[in-house]
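Fold and geometry: a report
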Amino acid sequence: DSSIKEKHMGTPISEFPRTPECIRSISAEQLPSADLGTTNAHQRLVKLPESEPTPKELHDIWNTEHVKMPYSTHNMYMTDDRNKRKVSRWDLIEEALAEPIRTFQDLENAILHYNSLNKDKWDLYGLRYFIESIKPKERSQFFDNVLPFMKKLVLDSQKIITEPPRLLKKGKVMSVTMSQEQAACLLANAFFCTFPYRSRRKDEYSNFPEMNFVNLFAPYQQDRKFEKLKCLFYYFKARNEKTATNSCITFRRQVLKDPIEWEYLDSPLKKLHVSAVGNIEDDGEGMLQVDFANKYVGGGVLGRGLVQEEIRFIICPEMIVSRLLTEELDDNECLLMTGCQRYSDYAGYSDSFKCLGPYEDKTLRDENGQLLTEVVAIDALVARSFINQFNVRHLNRELNKAYCGFMNPHIPDENKSAVATGNWGCGAFGGDVYVKALIQLMAASAAKRSVCYFTFGDSRLMEALHKMHELLWENKVSVGELYRYLVAFHKVGRHDQSGEDLFIFVRRKVSNEDDIDQSPNYDEETP
Ligand code: AR6
């Protein structure tokens with residue numbers, strides 16, 4: 001809207017609480033002890049401060065609670081020859097990667113050597129397209145330096161990761177801390193497609209996202225995949241540099257065991273900053289940054305998807321490791337990721353997304369060198385219609401989901417960082433921005449965090465949100481009261497309405513104009 005000149009409104013962003021003054025929800029060093037239900041609830045794959053792999057000796061585990069590592073002695077593969085022998089898959093991997101790789105063909109041969117059963121199914125044209133389309137100088141860098149480094153990461157897997165990471169399964173609060181080198185090792189394995197195939201049909205992996213990069217190499221949407229592979233190229237290139245840091249990353253599955261009774265919640269609303277410019281990753285430093293996630297974290301990052309979550313994951317590839325660990329998120333669950341570094345600069349969005357080259361992440365670090373970046377993956381529901389979003393089940397689900405992401409009973413309220421968010425659930429998932437903004441404000445307020453909201457260029461939304469927040473604030477409307485207005489709107493709202501109508505409705509309710517002037521709009525009940 002060209003009539004709106006302001007770029008941001010509400011409490012100035014400089015006044016917002018951030019790390020390091022605030023405490024992160026999770027840090028590599030320790031988690032709040034009250035959270036440790038069992039001693040295994042936080043698996044550390046490295047020892048601080050040197051980030052040395054732990055345990056010292058290789059501990060080969062092959063069961064349903066751990067990632068099945070390619071190097072395990074249990075990892076057997078059926079050969080595709082006539083004899084159909086079972087052979088050690090790791091032997092095949094070592095064999096394939098011992099050979100020099102100088103061309104796309106060499107690379108393809110290597111990958112198919114230990115994936116021979118998929119020889120006819122896999123088409124790696126996307127990878128070929130990438131190799132053929134990058135600048136000649138970068139192509140030489142890829143084959144001369146980057147790829148040998150990645151091969152070494154795979155071949156040294158047993159030294160780098162001495163115990164398989166725990167799976168973060170449904171219903172369990174659990175964390176895994178690993179070093180950036182370990183993450184690189186897992187990502188290199190994913191690039192070479194060495195992880196045992198995760199069959200959707202088999203019980204144990206039916207709800208886990210795919211980790212091998214094979215879909216990223218597939219021929220569809222080559223241009224998008226080209227940009228994604230470029231980001232990954234810069235990532236591995238940076239990891240191979242002498243200056244690469246090796247601090248920790250922590251992944252934590254969080255579960256909301258007791259859902260909130262929203263209707264009776266008398267928490268006051270927290271402060272709001274709304275900005276029509278900027279975005280979560282550039283301007284949310286030190287805040288709890290929201291990933292507009294899929295219930296399979298990372299969504300389409302290794303496929304065709306290229307919106308908020310996929311972009312975040314591809315510029316911060318260490319986040320992709322979460323796919324290896326995290327089972328599909330339930331309605332009352334989220335995934336927190338701390339310490340993931342950004343490696344690529346970018347411009348554009350979706351089809352216009354372009355990888356612009358390496359990015360130097362200057363985010364502050366803690367005393368162990370861990371980056372203070374904290375991201376929380378919460379998946380919204382797909383909105384089937386406007387009014388359906390006010391259905392109590394839908395409302396409660398979204399409120400509890402966001403609250404699960406924002407809550408932390410172990411951090412004193414005054415030490416909680418703000419939430420950096422935006423149009424969660426309102427792009428690919430079709431939600432209404434006005435509704436979702438209120439829901440996030442309510443959930444954050446219940447979790448005692450203020451909200452920094454990026455409207456992604458929408459000035460009209462910025463102004464509307466700011467004015468609504470001002471009104472609610474001045475009238476001391478609590479979270480519960482606002483919830484009751486949303487529920488009341490469900491009774492009178494219509495399918496063909498929008499969030500702006502909701503705001504008019506709430507405004508009337510708050511200003512008590514309701515009884516005096518009944519708008520004809522709200523007379524009829526929806527069928
Ligand atoms: N910072 C702030 N706002 C942003 C940013 C950003 N970096 N990027 C986008 N937006 P969407 P969803 C705004 O569609 O609807 C993925 O495939 C922009 O207005 O990514 O929750 C996941 O894996 C955009 O339209 O989120 C899921 O499968 C809006 O945020 C699915 O999409 C919503 O972004 C989630 O879809």
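Refer to the preceding data block for the structure.
These lines cover the structure that appears in this document, whether it is placed above or below. (Residues numbered from 1 in each chain as written. Predicted model: local features only at pLDDT ≥ 70, side-chain atom pairs only at ≥ 80, totals over all residues. Heavy atoms only, no water.)

**Notes on a negative patch on the surface**
Note the following rule: A patch consists of residues exposed above 30% relative accessible area that lack any salt bridge, with like charges linked at up to 9 Å and nonpolar side chains (Val, Leu, Ile, Met, Phe, Trp, Tyr) linked at up to 5 Å. All accessible areas in this document rest on Shrake-Rupley with a 1.4 Å probe, and a residue is counted as covered only by the protein chains that are shown. When a carboxyl oxygen of Asp or Glu is within 4 Å of a side-chain nitrogen of Lys or Arg, the pair counts as a salt bridge. His is not counted, nor are the chain ends, whereas Lys and Arg count as positive and Asp and Glu as negative. We put the charge of a Lys on NZ, of an Arg on CZ, of an Asp on CG and of a Glu on CD. Going along the chain from the N terminus, every DSSP run of H or I of four or more residues is numbered as a helix, and every run of E of two or more is numbered as a strand. Accessibility here uses a 1.4 Å probe with only protein chains present; expressed as a share of the type maximum, an area under 20% marks a residue as buried, one over 50% as exposed, and anything in between as partly exposed.
A cluster of acidic side chains, namely D91, E94, E95 and E99, defines a negative patch on the protein surface. Among the structural elements, E95 can be located in helix α1 (residues 89–98). On the basis of relative accessibility, which here comes to 45%, the residue E95 falls in the partly exposed class.

**Description of the site of the ligand**
Just so we agree on the cut-off: Whether a residue is near a molecule or strand is decided by its heavy atoms; if any one of them lies within 4 Å of it, the residue is near. N or O atoms within 3.5 Å of each other form a polar contact, as long as, within protein, one can give a hydrogen and the other can take it, and as long as residues adjacent in sequence are counted only when both atoms are side-chain atoms. Polar here means any residue other than Ala, Val, Leu, Ile, Met, Phe, Trp, Tyr, Cys and Pro, which are nonpolar, and Asp, Glu, Lys and Arg, which are charged; Gly is therefore polar.
Residues in close proximity to the ligand total 19 residues, the closest being E309, E310, G425, G427 and A428. I280 has a polar backbone atom sitting 3.2 Å from a nitrogen atom of the ligand. Taking N294, its side chain carries an N or O atom lying 2.9 Å from an oxygen atom of the ligand. In isolation the ligand exposes 700 Å². Once the protein is present, 91% of that is buried. Sorting the residues of the shell around the ligand by element identifies α9 (280–283), β10 (288–293) and α10 (308–315) as the ones contributing at least two each. Looking at the shell around the ligand element by element, the count peaks at three residues for α10. Looking at the shell around the ligand residue by residue, the class counts come to nine nonpolar, seven polar and three charged.

**Some details on the side chain of N189**
The residue N189 is located in helix α6 (residues 180–191) in this model. In this structure the side chain of N189 is engaged in a polar contact, spanning 3.1 Å, whose partner is the side chain of S157.

**Structural notes on the pattern of salt bridges**
All told, the structure shown has 21 salt bridges when counted by the stated rule. We note a salt bridge from R397 to E398, for which the minimum N-O separation is 2.7 Å. Judged by its relative accessible area of 8%, R397 falls in the buried class. When its relative accessible area of 0% is taken as the criterion, E398 is described as buried. Each member of the salt-bridge network shares a partner with another, and the members are D331, D379, R397, E398, K401 and K436.

**Overview of the nonpolar core**
Worth spelling out the cut-off: The definition of a nonpolar core used throughout is a set of buried Ala, Val, Leu, Ile, Met, Phe, Trp, Tyr and Cys residues joined through side-chain atoms within 4.5 Å. It only takes one pair of heavy atoms within 4.5 Å for two residues to be counted as in contact.
Core analysis: the largest hydrophobic core is formed by 92 residues, its most contacted members being L107, I111, F191, F192, F213, F217 and I320. Each residue touching L107, except ones within four places of it in the same chain, is listed here: I101, L127, I131, F142, L147, F191 and F192. Core analysis: the next-biggest nonpolar cluster, separate from the first, contains 71 residues, M287, L395, V435 and M462 among them.

**As for α10**
When you tally the buried positions in α10, you get eight out of eight residues, the bulk of the element. Taken together, the buried positions of α10 are Q308, E309, E310, I311, R312, F313, I314 and I315.

**Here we look at the sheet that holds strand β1 (residues 8–10)**
In plain terms, the rule: Two strands qualify as a pair provided DSSP detects at least 2 bridges between them. For every element, the axis is a line fit to its C-alpha atoms; helices are fit only across the contacting stretch, and the angle between N-to-C directions ranges from 0 to 180 degrees.
One open sheet accounts for 10 strands, arranged β1-β9-β16-β15-β10-β14-β11-β8-β7-β2; its pairing is mixed. At either end of the open sheet lies a strand with only one pairing partner, and these are β1 and β2 (42–44). Along the sheet, successive strands turn relative to each other by an average axial angle of 20°, direction set aside. Note that strand β8 (residues 248–255) and strand β11 (residues 333–338) share six bridges and pair antiparallel. The partner of R253 across the bridge, within β11, is L335.

**What to know about the environment of P209**
Note on placement: P209 falls in the loop between α6 and α7 (214–217). Classification of P209 as buried rests on a relative accessible area of 1%. For the pair formed by P209 and E327, sequence separation is 118 residues and the distance between their alpha carbons is 7.3 Å.

**Brief notes about the environment of A244**
Of note, A244 is situated in the loop between α8 (222–239) and β8. Judged by its relative accessible area of 27%, A244 falls in the partly exposed class. Along the primary structure A244 and H273 are separated by 29 residues, whereas in three dimensions their C-alpha atoms are 35 Å apart.

**Digging into helix α15 (residues 479–492)**
We count it as follows: Multiplying 1.5 Å by the helix residue count minus one yields the expected span of that helix.
The end-to-end C-alpha distance of α15, which contains 14 residues, comes to 21 Å, matching closely the 20 Å that a straight helix rising 1.5 Å per residue would cover. Buried residues of α15: V479, G480, L482, Y483, Y485, L486, V487, F489 and V492, and no others. The inward-facing, buried residues of α15 contact α12 (392–406), α13 (433–446), α14 (459–474) and α16 (499–510).

**Looking at the side chain of N75**
Relative to the assigned elements, N75 resides in the loop between β4 (52–53) and β5 (76–78). Those residues within four positions of N75 in sequence are excluded, and the remaining contacts are W62, M69, P70, V87, S88, R89, W90 and P196.

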